[in-house]
Amino acid sequence: MKRVLDLIISIPLVLLLSPIIIIIALLVRLKLGSPVLFKQERPGLNGHPFILIKFRTMTDTRNKHGKLLPDAARLTPFGKMLRRYSLDELPQLFNVIKGDMSLVGPRPLLMEYLALYTTKQARRHEVKPGITGWAQVNGRNAISWEEKFELDVWYVDNWSLWLDLKILWLTFVKVIRSEGINQLGQVTMEKFKGTKI
């Protein structure tokens, strides 16, 4: 039923939002250059990798040694606007249609984090990752990694279609209010370095 819900919502959304997706793609190309899409390998169901896609929000500006500048220096005002309203996430609807992701589930993080999770935290991969999730509507980037993982595991243990519908509605409210986008003092969220036990 979860897969059916994903397709029933994501396919009409892609069709409905296609003019906006095309306009954003053109603006990204104009303001940030090519490529338009940011692609990165992320862990999916059971930790198996897939390629996540989203709109670029940062430039490729490098220092004199050819190393990328910090995120804060590369994130443009246009990129901040895309992140503020989660417009950079729209291409992930294609990840959902393909079956790599769900509309709702724990956010797909970095592959390098897999080795850092506790046994309990790793349970977040017992379901498909989502565009939004229980942690996103309960603090997003404004809460700690440990709190986020607790919420992810709670979702795994308490999943229902009604909970997914509730999360989708709360996500809409959060996006409109632009809540929890950044961690205090960070452009988004500092890297996860493991939980001290």
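Residues numbered from 1 in each chain as written. Predicted model: local features only at pLDDT ≥ 70, side-chain atom pairs only at ≥ 80, totals over all residues. Heavy atoms only, no water.

### Points about the environment of Gln-40
- As for its position among the elements, Gln-40 is in strand S1 (residues 37-43).
- We classify Gln-40 as partly exposed; its relative accessible area is 26%.
- Separated by 11 residues in the primary sequence, Gln-40 and Ile-51 place their C-alpha atoms 5.4 Å from one another.
- Ignoring anything within four residues of it in the chain, the contact list for Gln-40 reads Phe-50, Ile-51, Leu-52 and Leu-110.
- Only 2.7 Å separates the side chain of Gln-40 from the side chain of Arg-42, close enough to count as a polar contact. (Helix = DSSP H or I, 4+ residues; strand = E, 2+ residues; numbered from the N terminus. Buried < 20%, exposed > 50% of the residue type's maximum accessible area, 1.4 Å probe, protein only. Contact = heavy atoms within 4.5 Å. Polar contact = N/O pair within 3.5 Å; in protein donor to acceptor, adjacent residues only side chain to side chain.)

### A few points about a nonpolar patch on the surface
- Together, Met-1, Val-4 and Ile-8 make up an exposed nonpolar region whose accessible area comes to about 330 Å².
- On the secondary structure map, Val-4 appears in helix H1 (residues 2-32). (Patch = residues over 30% accessible without salt bridge, like charges linked within 9 Å, V, L, I, M, F, W, Y side chains within 5 Å. Areas by Shrake-Rupley, 256 points an atom, 1.4 Å probe, with all protein chains shown as cover. Salt bridge = Lys/Arg side-chain N within 4 Å of Asp/Glu carboxyl O.)

### Quick notes on the pattern of salt bridges
- Scanning all chains against the criterion turns up 11 salt bridges.
- The residue Lys-54 makes a salt bridge to Asp-88 at a minimum N-O spacing of 3.7 Å. Here Lys-54, found in strand S2 (residues 49-55), pairs with Asp-88, found in the loop between helix H3 (77-84) and helix H4 (92-98); they are 34 residues apart in sequence, far enough to count as distant.
- For Lys-54, a relative accessible area of 15% puts it in the buried group.
- With its nearest N and O atoms 2.8 Å apart, the salt bridge here joins Asp-152 to Arg-124. Residue Asp-152 is found in helix H5 (residues 145-158), and its partner Arg-124 is found in the loop between strand S3 (102-104) and strand S4 (130-132); the two are separated by 28 residues along the sequence. When sorted by exposure, Asp-152 lands in the same class as Arg-124, which is buried.
- Each member of the salt-bridge network shares a partner with another, and the members are Lys-54, Asp-88, Glu-89 and Arg-107.

### As for unusual backbone geometry
- The omega angle of the peptide bond from Ser-34 to Pro-35 is 0°, so this bond is cis rather than trans.
- For Pro-35, the location among the structural elements is in the loop between H1 and S1.
- Unlike most non-glycine residues, Asn-46 shows phi in positive territory, near 60°.
- With respect to the secondary-structure elements, Asn-46 resides in the loop between S1 and S2.
- On the basis of relative accessible area, Asn-46 is assigned to the exposed category, the value being 54%.
- Of note in this structure, Ser-86 is not a glycine but carries a positive phi near 55°.
- Here Ser-86 is to be found in the loop between H3 and H4.

### Here's the deal with the side chain of Thr-171
- Here Thr-171 shows up in helix H6 (residues 161-177).
- For Thr-171, a relative accessible area of 19% translates into the label buried.

### Topic: H5
- In a regular helix each residue adds 1.5 Å, so 14 residues correspond to 20 Å; H5 covers 20 Å between its end C-alpha atoms and thus fits that length.
- Burial in H5 covers these residues: Trp-145, Lys-148, Phe-149, Leu-151, Asp-152, Val-153, Tyr-155 and Val-156.
- Tucked into the core, H5 has its buried residues touching H1, S3 and H6. (Expected span 1.5 Å × (residues − 1).)

These figures capture arrangement, not role.
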